[in-house]
Amino acid sequence: MSELIGIYGGSFSPPHRGHILAVKGFSEAIKPDKLLIIPTYEPPHKVLADGVSALDRLAMCRLAFSDIPRVEVCDLEILREGKSYTSDTLRALAAPNRELAFLIGTDMMLTLDAWHEPEVIFSLADLYCVRRESDAEMTLAIAKKNAIYSEKFGKTVRILDTPIQEVSSTEIRETLSRGETPEYLTPAVLAYIRERGLYGYGR
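None of these values were measured; they are calculated from a predicted model.

K.L.:
Would you mind going over the overall build of the chain with me for this structure?
P.N.:
Tallying secondary structure elements over the chain gives nine helices and six strands in all. Its C-alpha atoms give the chain a radius of gyration of 17 Å, near enough to 17 Å, the size a compact globule of 203 residues would have. Each principal axis of the C-alpha distribution contributes one length, and for the chain these read about 50 × 40 × 30 Å. Taking all 203 residues of the chain together, the buried fraction comes to 46%. For the chain, contacts bridging at least 24 residues in sequence account for 75% of all contacts bridging at least 6. Surface exposure of the chain reaches about 10,300 Å², of which carbon and sulfur atoms provide 49%. Both charge centroids of the chain, one from 24 positive and one from 29 negative side chains, sit 2 Å from each other.

Here it is, written out as structure tokens:
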């Protein structure tokens, strides 16, 4: 019998309730043997200019996701250092009698074919998308992209039917930098941010 591993990667700066809701919906949908949360070391698609270290993001993930069954926070990309390419991570996790399921958000879903080695990503994992917006135009854009992926890679991204929660990490960071307490952070993550003075909060 094969083992099913769920994977959810990201910068998680900071991890918030939108991420938690996505993980719970993903886990409910695929029922994995294990679900790995993998913070990036250096995202290839954006620059992290908030001054928060990879180890701080790893620690916050461990606090944010600690009470979700079968979820483990994995430091694979942080230990590897350098740019965190999904294709490399999937190669590292692939094994006989193991199936991989990879979760992404809408913006990532729409740009998958521009990622590093997209053919490897599609070949090694089943892909799932959780949406954080309710928008008819976006629904059409997703359908068009899936048609392209089907033609290019022989697979599509499955869209999860989970509750939508629009949460922006950027807005959370901006709120923290003003010394204000944002919504959507767990008490443990907020306490860690305050204690460490991350994002200019608590200084």
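K.L.:
Looking at this structure, how should I read unusual backbone geometry?
P.N.:
Most peptide bonds are trans, and most residues other than glycine sit at a negative phi. Across the junction of Ser13 and Pro14, the peptide omega takes the value 0 degrees, indicating a cis bond. Examined against the element boundaries, Pro14 turns out to sit in the loop between strand 1 (3-10) and helix 1 (17-30). The residue Phe12 is not glycine, and still its phi comes out positive at about 50 degrees. Counting through the fold element by element, Phe12 comes out in the loop between strand 1 and helix 1.

K.L.:
Would you mind showing me how to read the pairing of strand 2 (residues 34-39) here?
P.N.:
Regular strands show a simple pattern: their side chains alternate between the two faces of the sheet. Of all six residues that make up strand 2, five are buried, and the element is covered over most of its length. Bridge analysis of strand 1 against strand 2 gives six bridges, and the strand direction is parallel. Of the residues in strand 2, the one forming a bridge with Ile5 is Lys34. Note on the crossover from strand 1 through helix 1 to strand 2: the handedness is right-handed. Across three bridges, strand 2 lies against strand 3 (residues 71-73) in parallel orientation. When the bridges of strand 3 are listed, Ile37 appears paired with Val73.

How each quantity is defined
- Residues numbered from 1 in each chain as written.
- Predicted model: local features only at pLDDT ≥ 70, side-chain atom pairs only at ≥ 80, totals over all residues.
- Heavy atoms only, no water.
- Helix = DSSP H or I, 4+ residues; strand = E, 2+ residues; numbered from the N terminus.
- Rg over C-alpha atoms; globule rule 2.2 N^0.38 Å.
- Buried < 20%, exposed > 50% of the residue type's maximum accessible area, 1.4 Å probe, protein only.
- Contact = heavy atoms within 4.5 Å.
- Areas by Shrake-Rupley, 256 points an atom, 1.4 Å probe, with all protein chains shown as cover.
- Lys, Arg positive; Asp, Glu negative; His and termini not counted.
- Charge placed at Lys NZ, Arg CZ, Asp CG, Glu CD.
- Pairing = 2+ DSSP bridges.
- Right-handed = clockwise from strand over helix to strand, strands pointing away.

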